[in-house]
Amino acid sequence: MENVITGSEILLESLKRENVDVMFGLPGGAVLPLYDALYSAGIRHLLVRHEQAAAFAADGYARVTGKPGVCLVTSGPGATNLMTGLTSALMDSIPVVALTGQVPEALIGKDGFQEADTIGISLPCTKRSFQIRSAAEIPAVIHRAFKTAISGRPGPVLVDLPKSALVEKAAPIYVKSDGARRPVREREWRDDQIDRAASIILESRQAMLYVGGGAVHAEAWPELAEFSELTQIPVTTTLMGLGVFPSCHPLSLGMLGMHGSYSTNKATCECDLLIAVGARFDDRVTGRLKDFAPKARKIQLDVDPSEIGKNIRVDLGLVGDAREILRALIDAVKCRQVGSSGSERRLWLDQIDEWRSEHPLDYEKSEDSIKPEYVIEMISRYANEDAIVSVDVGQHQMWAAQYYDFYQPRTWLSSSGLGAMGYGFPAAMGAQLAFPERQVIAIVGDGGFQMTLNDLATVAQYRVPVKIAILNNRALGMVRQWQEIFFEKRYCDIDLNFAPDFAKLAEAYGIRGSKVEHHDDVKEAVREMLSDREPCLVDFWVDPAENVYPIVPPGASLAEMIVEPPRVQLEEEQVLDDLWAV
Amino acid sequence: MQRVFTIDTEGDLIVICRLMNIFRRKGVKLIKWLMSATADGFRVAVLFDAAEAESEHLFNFVRRTEGVNRLASGETASALEGLLPVM
């Protein structure tokens with residue numbers, strides 16, 4: 001007799017064959033048969049307190065490992081609650097496999113209890129979605145889901161699981177995994193294109209590499225460093241690209257764009273060649289499109305052909321795996337590098353240094369209040385080099401991007417494209433599950449943290465040693481900043497003074513919590529936070545009037561960036577301080 | 001300029017929904033949308049109006065869409081003739 005087992009058992013075995021070791025989820029009626037099978041399946045499951053956290057945690061797991069993160073939820077509201085997380089993963093090309101329960105097949109389309117058209121809803125939020133109809137098809141669909149999630153341009157894949165398929169019995173025929181460490185990415189670039197690119201590169205005198213998340217997904221960091229050092233071309237990264245090139249490298253320019261440093265944005269305006277590696281010319285990077293890198297020829301490397309020239313016309317598009325293309329470029333440049341333009345490249349690097357000296361990335365130091373930038377600097381100083389930093393969205397995210405020193409790739413988690421507040425804390429949980437021994441620090445704002453803080457229960461229950469640093473400015477800080485600068489200080493609905501005492505809240509959940517209100521206490525608080533292997537929360541009461549600079553006004557060009565607060569504003573900040581005190 | 005895409009997909013209507021959503025989201029002016037079932041899945045022929053750069057982007061977007069097996073692009077409406085059986 002054939003080995004006949006339930007769809008739930010087939011599903012869990014299929015997951016094991018895809019090397020799934022942990023899932024993030026929340027059970028409900030439609031997936032009860034699956035959770036029953038999970039009871040003895042040997043796959044770790046982390047019970048989150050809201051499905052959105054399951055999606056964010058799976059995303060965090062995927063970003064730090066490069067492997068698909070897996071989340072599992074029930075039908076209806078369980079599935080709909082996933083969608084923000086899946087959209088975030090789609091925007092940032094993160095491989096997530098979402099398993100959603102569904103009512104039995106006979107009830108689909110009949111508005112049964114907890115039925116939602118999950119496939120319809122997920123359509124624009126995923127790279128692909130499948131609905132299983134029978135137990136027998138589970139192995140092939142699951143294998144395909146994992147393959148799809150990591151192949152080409154990675155992304156989230158959803159598999160909808162009607163309860164009837166989970167209880168049905170079948171003799172499974174499993175798909176043999178090819179066991180490849182790196183996903184297959186089709187090569188569309190040609191050797192003659194590489195030759196042309198090499199010529200353009202060697203002709204240039206003021207070149208820049210503009211590197212995004214695609215370089216992380218392709219694990220192209222060794223080739224990136226080699227190419228940059230070989231050609232002496234400096235590297236700027238997008239928010240997604242942070243960590244792919246060490247901050248401390250002499251050729252590192254840090255981040256460009258809306259909150260990029262003066263010297264980097266200035267260099268972008270003045271460069272004669274811009275080589276985009278896995279970056280998509282996002283509006284937060286380019287500012288006004290027609291004025292972006294106006295003097296530069298542009299070469300774009302991307303695994304997704306539809307990204308070539310999507311936002312900005314490029315002189316040469318190379319479609320394929322960033323790592324392979326960079327390797328080919330290295331070889332081509334080495335073959336042709338006669339009469340090196342090294343001295344002219346040196347002039348260019350000196351020029352950038354000069355701009356950096358004119359307007360270094362800096363902030364007004366103070367010992368009377370806690371400057372959020374200072375907290376980031378202290379975390380950066382005391383965290384291990386392989387520490388993973390996960391952020392929410394807003395001012396704290398930009399300060400972290402600006403002032404935290406990145407040494408390694410896959411150490412920076414941020415909902416960059418979608419900009420989903422509430423991401424940082426659950427994503428940190430996911431990362432910590434992937435690397436239990438490493439420091440994982442969730443740097444969050446008081447606004448975003450209140451969106452997903454219910455998962456304090458999860459970290460307490462499983463003793464996930466995530467460190468939570470809240471930069472608490474008692475406001476939706478980035479919104480306040482925009483209202484201040486662009487809406488004539490008409491502050492509308494940004495006040496978050498009505499919030500719990502986060503330290504006491506953490507204690508209530510069984511997690512060590514503390515509140516830091518004085519500059520002089522920051523250093524010690526950070527050291528203590530990072531000193532053990534237990535979850536903890538530190539609530540830093542930072543200067544509520546602090547703004548993120550530089551800033552490129554929306555719709556403006558990078559050349560129009562505002563480098564520092566206007567002088568008069570510094571006096572007005574005192575007034576604002578008084579207001580907050582009231 | 002007018003352009004015709006002929007798209008062969010897997011036999012999963014979700015892929016067709018996805019394609020329709022792509023055309024909606026990209027703001028393409030549709031002139032004709034024809035569809036039929038084939039032995040392997042579905043065939044869609046789309047006649048639309050878009051600037052050249054846009055249609056090139058759309059071509060690349062559609063061809064990398066999951067579930068699309070084959071994509072051909074033509075320049076005139078006559079490319080539609082004979083492509084589809086009458087539904």
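It is worth spelling out the overall build of chain A at this point. A count of helices and strands for chain A gives 24 helices and 20 strands. Expected size for 582 residues packed as a compact globule is a radius of gyration near 25 Å; at 25 Å, chain A falls within 12% of this value. Across its three principal axes, chain A shows a C-alpha extent of roughly 75 × 65 × 40 Å. Burial analysis of chain A (582 residues in total) assigns 60% to the buried set. For chain A, the computed accessible surface area is about 22200 Å², with 51% contributed by carbon and sulfur atoms. Taking the 58 positively charged and 80 negatively charged side chains of chain A as two groups, their mean positions are separated by 5 Å.

For the rest of this paragraph, the subject is helix α22 (residues 502–509) of chain A. Residue and element names in this part refer to chain A. Of the positions making up α22, those classed as buried are Phe 502, Ala 503 and Ala 506. Looking straight down α22, one finds that the buried residues subtend no more than 105° of arc, so they occupy a single side. Exposed side chains of α22 directed beyond 90 degrees from the buried face belong to Lys 504 and Ala 508. The opening residue of α22 is Asp 501, an N-cap whose side-chain oxygen sits 3.1 Å from the backbone nitrogen of Ala 503.

With that out of the way, let us pick up the pattern of salt bridges. All names here are of chain A. Counted according to the given criterion, the structure contains 41 salt bridges over all chains. Among the ionic pairs, Arg 205 bridges to Glu 344, the shortest N-O distance being 2.8 Å. Pair noted here: Arg 205 is in the loop between α9 (191–203) and β9 (207–211) and Glu 344 is in helix α15 (residues 342–358), with a separation of 139 residues, a long-range link. A salt bridge links Asp 386 to Arg 438; its shortest N-O distance comes to 3.8 Å. Note that Asp 386 is positioned in the loop between α16 (372–382) and β15 (388–391) and Arg 438 in the loop between α18 (424–434) and β17 (440–445), a separation of 52 residues in sequence. With a relative accessible area of 26%, Asp 386 lands in the partly exposed category. Taking the relative accessible area as the measure of exposure, Arg 438 reaches 16% and is therefore buried.

Looking now at the nonpolar core. The nonpolar side chains of a soluble globular protein tend to be buried with one another. Residues and elements named next belong to chain A. Membership of the largest hydrophobic core comes to 56 residues, with the highest contact counts inside it found for Phe 24, Phe 449 and Ile 468. For this core, the leading source of residues is helix α3 (residues 51–65), giving nine residues. Counting 42 residues, the second largest nonpolar core, distinct from the first, contains Leu 242, Trp 412, Met 478 and Ile 551.

This part takes up the interface of chain A and chain B. Listed as interface residues are 15 residues of chain A and, on the opposing side, 14 residues of chain B. When chain A packs against chain B, the two sides together hide about 1300 Å² of surface, and 47% of this comes from carbon and sulfur. On the chain A side of the contact with chain B, A:Leu123, A:Arg128 and A:Ser306 bury the most area, a combined 42% of that side's loss. Counting across the chain A and chain B interface gives five salt bridges. Where A:Arg144 meets B:Glu10, a salt bridge forms, and the shortest distance between an N and an O atom there is 2.3 Å. Where chain A touches chain B, the interface holds nine residue pairs in polar contact (both at pLDDT 80 or more). Of the residues contributing to the side of chain A that touches chain B, the split by class is four nonpolar, four polar and seven charged.

Let us now look at the packing of aromatic side chains. Across all of its chains, the model carries 16 aromatic pairs over all chains by this definition. Consider the rings of B:Phe5 and B:Phe48, whose centres lie 4.8 Å apart with planes at 75°: the pair is edge-to-face. In this pair, B:Phe5 sits in strand β1 (residues 2–10) while B:Phe48 sits in strand β3 (residues 41–49), placing the two residues 43 residues apart along the sequence. Neither residue differs from the other here; B:Phe5 and B:Phe48 are each classed as buried. Chaining the aromatic ring pairs together yields one cluster made of B:Phe5, B:Phe23, B:Trp33, B:Phe48 and B:Phe59. Cation over ring: A:Arg187 sits above A:Trp189, and NZ or CZ is 3.6 Å from the ring centre. When the ring centre of A:Trp541 is taken as reference, the NZ or CZ atom of A:Lys515 above it lies at 4.1 Å.

Residues and elements named next belong to chain B. Per-residue confidence for chain B gives a mean pLDDT of 89; residues scoring 70 or more make up 86%. In the model of chain B, helix α2 (residues 52–63) stands out as the element of lowest mean pLDDT, 93, in contrast to β1, which has the highest, 96. Scored as a whole, the predicted complex attains pTM 0.95, and scored at its interfaces, ipTM 0.90.

Before going further, it helps to spend a moment on the sheet that holds β1(B). Hydrogen bonds between backbone groups are what pair the strands of a sheet, and the pairing can be parallel or antiparallel. Residue and element names in this part refer to chain B. If you trace the four strands from one edge of the open sheet to the other, you get β2-β3-β1-β4, paired in antiparallel fashion. Edge positions in the sheet fall to β2 (29–37) and β4 (68–74), since each has one partner strand and no second. The average angle at which neighbouring strand axes cross in this sheet is 15°, direction not considered. In terms of strand pairing, β2 meets β3 through eight bridges, oriented antiparallel. Pairing of Leu 30 across the sheet is with Phe 48, part of β3.

Criteria and thresholds
- Residues numbered from 1 in each chain as written.
- Chains lettered and ligands numbered in written order.
- Predicted model: local features only at pLDDT ≥ 70, side-chain atom pairs only at ≥ 80, totals over all residues.
- Heavy atoms only, no water.
- Helix = DSSP H or I, 4+ residues; strand = E, 2+ residues; numbered from the N terminus.
- Rg over C-alpha atoms; globule rule 2.2 N^0.38 Å.
- Buried < 20%, exposed > 50% of the residue type's maximum accessible area, 1.4 Å probe, protein only.
- Areas by Shrake-Rupley, 256 points an atom, 1.4 Å probe, with all protein chains shown as cover.
- Lys, Arg positive; Asp, Glu negative; His and termini not counted.
- Charge placed at Lys NZ, Arg CZ, Asp CG, Glu CD.
- Arc of directions from axis to C-beta.
- Polar contact = N/O pair within 3.5 Å; in protein donor to acceptor, adjacent residues only side chain to side chain.
- Salt bridge = Lys/Arg side-chain N within 4 Å of Asp/Glu carboxyl O.
- Core = buried A, V, L, I, M, F, W, Y, C linked by side-chain atoms within 4.5 Å.
- Contact = heavy atoms within 4.5 Å.
- Buried area = accessible area lost by both parts, 1.4 Å probe.
- Nonpolar A, V, L, I, M, F, W, Y, C, P; charged D, E, K, R; others polar.
- Phe/Tyr/Trp six-rings, centres within 6.5 Å; stacked < 30°, edge-to-face > 60°.
- Lys NZ or Arg CZ within 6 Å of the ring centre and 35° of its normal.
- pLDDT = per-residue confidence, 0-100.
- Pairing = 2+ DSSP bridges.
- Axes fitted to C-alpha atoms, helices over the stretch in contact; angles between N-to-C directions.

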